[in-house]
Amino acid sequence: METDHLIIGGGAAGVFSALTAASFGGSCIILEKNEYIGRKLRITGKGRCNLTNNCDTDTLISKIPRNGRFLYSAFSKCSPQDVMDYFESIGVPLKTERGNRVFPASDKAADITEALKQALKKANILVIRAKVNKLIIENGRCVGAAASDGKIYKAKNVLIATGGISYPVTGSTGDGYKFAKSAGHTIIKPQPSLIPLETQEKWCADAAGLTLKNVRLRILDKNKCRYDEQGEVMLMNYGISGPLTLSASAVLSATSFEDNRYTAEIDLKPALSEQQLDSRILREIGNAPNMLLGQLMRKLIPGQLIAAVCSLCDIAPDTRVNCMTKQQRLKIARQLKKMILHITGTRPIEEAIITRGGISVKEIDAKTMESKIMPGLYFAGEIIDVDGYTGGFNLQIAFSTAYCAGIAMAHAVNIN
């Protein structure tokens, strides 16, 4: 079977690149090993699909911890506004929530995948369920792919959009790395990113399931601050999760956990300085000098944390507040401003939202997403060594790189 454009992978990047390329009139085939397209899309954003982030290019770049400048051209050609306009044009009303996160108005990721499915049908793009075994390379050019059922698919352009190795149940099993390597590409070691963190301390387990809202999370690499943001942290029986934790994991190196170099600091009262917090504690004591410390704590923090804070301060929760010393009071204020956790590692990669690493950006043309090593071969999405924080940034990467590749593939066909 022959086509102008052959897309390996029917996720967000693969489908968007196919739709972009086909919009210029070329024929296009998507090879997808799952029974339907966008399997990972259906579970993103807890099933709501955080489609993009409604921000400008500079903000986008600032949310990409590695190789962000590589994406400047892609983001300029396909911005968040372009993505929003496109999905609304195919019948998906959108809304922007806190942090400029963009979701379908229905809160249903299935609306996104269904709209894409209909768009593919309208564009006469053929989606074939097939598992690709290898690329076909002739005379120093990628000209197609061979499937496990023995079928050969020839094309003028081939795009790999198979994702990384996170969420393998969705089909992201690292196949694309093998294909790229066979074409001569360097693979930056894949690692989990946007993943919960395991900690040495056990007090998290005592409050497992508690979501700490409007707290500040700092990640220290020895004495150097690597991450500092305000938002939500969820306490788990193994450590911490939630939006801040997931984004923080993007700046950590999985190879550096062994020497216990990373620590997390949770500021439970970021709106108050330590002095202001002490004044608040003094005011509460003045209002009810005979109350117990546990009762005081309940006015300041969630009840699930009281035992942990009192234990860390070495003060019994049944202590009368008017019996506490100034040093004990200041110790409590300091503790509330800095709950320290020693990070021992990440959760298994199967729990990662995305994969860090992949095809080296040095070997990809930033304007076209075409391989600098193998003519006719393109890349889009998570398979490239670029990744962002939570908030819609990774899907924006997928759409922007796919758009660039789709335009370039269409241009390559039209000039030949």
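Preceding this section is the structure that the text describes.
Residues numbered from 1 in each chain as written. Predicted model: local features only at pLDDT ≥ 70, side-chain atom pairs only at ≥ 80, totals over all residues. Heavy atoms only, no water.

> Can you tell me about the pairing of strand 13 (residues 224-235), naming the residues and giving the values?
Relative to strand 13, strand 12 (residues 211-221) runs antiparallel, the two being bridged by nine bridges. Each residue of the ladder has a partner; that of L212, found in strand 13, is V233. Between the antiparallel neighbours strand 12 and strand 13 lie two residues, among them K222 with a positive phi of about 60°. Taken together, the two bridges between strand 13 and strand 14 (residues 239-241) define a ladder with antiparallel strand orientation. In the sheet register, M234 faces strand 14, and the bridge partner there is S241. Two successive antiparallel strands, strand 13 and strand 14, enclose a turn made up of three residues. (Pairing = 2+ DSSP bridges. Helix = DSSP H or I, 4+ residues; strand = E, 2+ residues; numbered from the N terminus.)

> Just give me the short version of unusual backbone geometry, but keep the residues and values in it.
One non-glycine residue, D314, lies in the positive phi region at around 60°. Looking at where D314 falls in the secondary structure, it is placed in the loop between helix 11 (306-313) and helix 12 (326-337).

> Account for the sheet that holds strand 4 (residues 94-97), with residues named and values stated.
Strand order in the open sheet formed by three strands is 3-5-4, and the pairing between neighbours is antiparallel. The sheet is open, and its two borders are formed by strand 3 (52-53) and strand 4, each paired with just one other strand. Here strand 3 runs beside strand 5 (residues 101-104); their pairing, made up of two bridges, is antiparallel. Residue pairing for strand 5: T52 is matched across the bridge by V102.

> Which residues make up the environment of L312, and what values do they have?
Along the polypeptide, L312 turns up in helix 11. Its relative accessible area of 38% is what places L312 among the partly exposed residues. Between the alpha carbons of L312 and M339 there is a distance of 9.0 Å; along the sequence they are 27 residues apart. If near-sequence neighbours (up to four positions away) are discounted, L312 is found in contact with W203, K331, Q335 and M339. (Buried < 20%, exposed > 50% of the residue type's maximum accessible area, 1.4 Å probe, protein only. Contact = heavy atoms within 4.5 Å.)

> Which residues make up the pattern of salt bridges, and what values go with them?
Scanning the model with the defined rule gives 20 salt bridges in all. Between D107 and R48 there is a salt bridge, and its shortest N-O distance comes to 2.9 Å. Of this pair, D107 sits in the loop between strand 5 and helix 5 (109-122) while R48 sits in the loop between strand 2 (28-32) and strand 3, and the two are 59 residues apart along the sequence. By relative accessible area, D107 is classed as partly exposed at 29%. (Salt bridge = Lys/Arg side-chain N within 4 Å of Asp/Glu carboxyl O.)

> Outline helix 4 (residues 80-89), supporting the account with residue identities and numerical values.
Residues that lie three or four places apart on an α-helix share one face, since the helix turns once every 3.6 residues. Regarding helix 4, the residues found buried are P80, V83, M84 and F87. One face of helix 4 carries all of its buried residues, which in axial projection span an arc of 95°. (Arc of directions from axis to C-beta.)

> Let's hear about the packing of helix 11 against helix 12: which residues, and what values?
Here helix 11 crosses helix 12 at 125°, and the two axes come no closer than 10 Å. By the criterion of interaxial angle, the relationship of helix 11 to helix 12 is oblique. The way helix 11 lies across helix 12 gives a crossing that is right-handed. Across the interface between the two elements, V309, L312 and C313 from helix 11 touch K331, I332, Q335 and L336 from helix 12. (Axes fitted to C-alpha atoms, helices over the stretch in contact; angles between N-to-C directions. Parallel < 35°, antiparallel > 145°, perpendicular 65-115°, else oblique. Left-handed = near helix turned anticlockwise from the far one by under 90°.)

> Quick rundown of the environment of N34? Include the residues and the values.
Residue position: N34 is located in the loop between strand 2 and strand 3. Accessibility expressed as a relative area gives 13% for N34, which makes it buried. Along the primary structure N34 and R129 are separated by 95 residues, whereas in three dimensions their C-alpha atoms are 6.6 Å apart. Side-chain polar atoms of N34 contact the side chain of R39, separated by 3.4 Å. (Polar contact = N/O pair within 3.5 Å; in protein donor to acceptor, adjacent residues only side chain to side chain.)

All we've got here are geometric facts, nothing functional implied.
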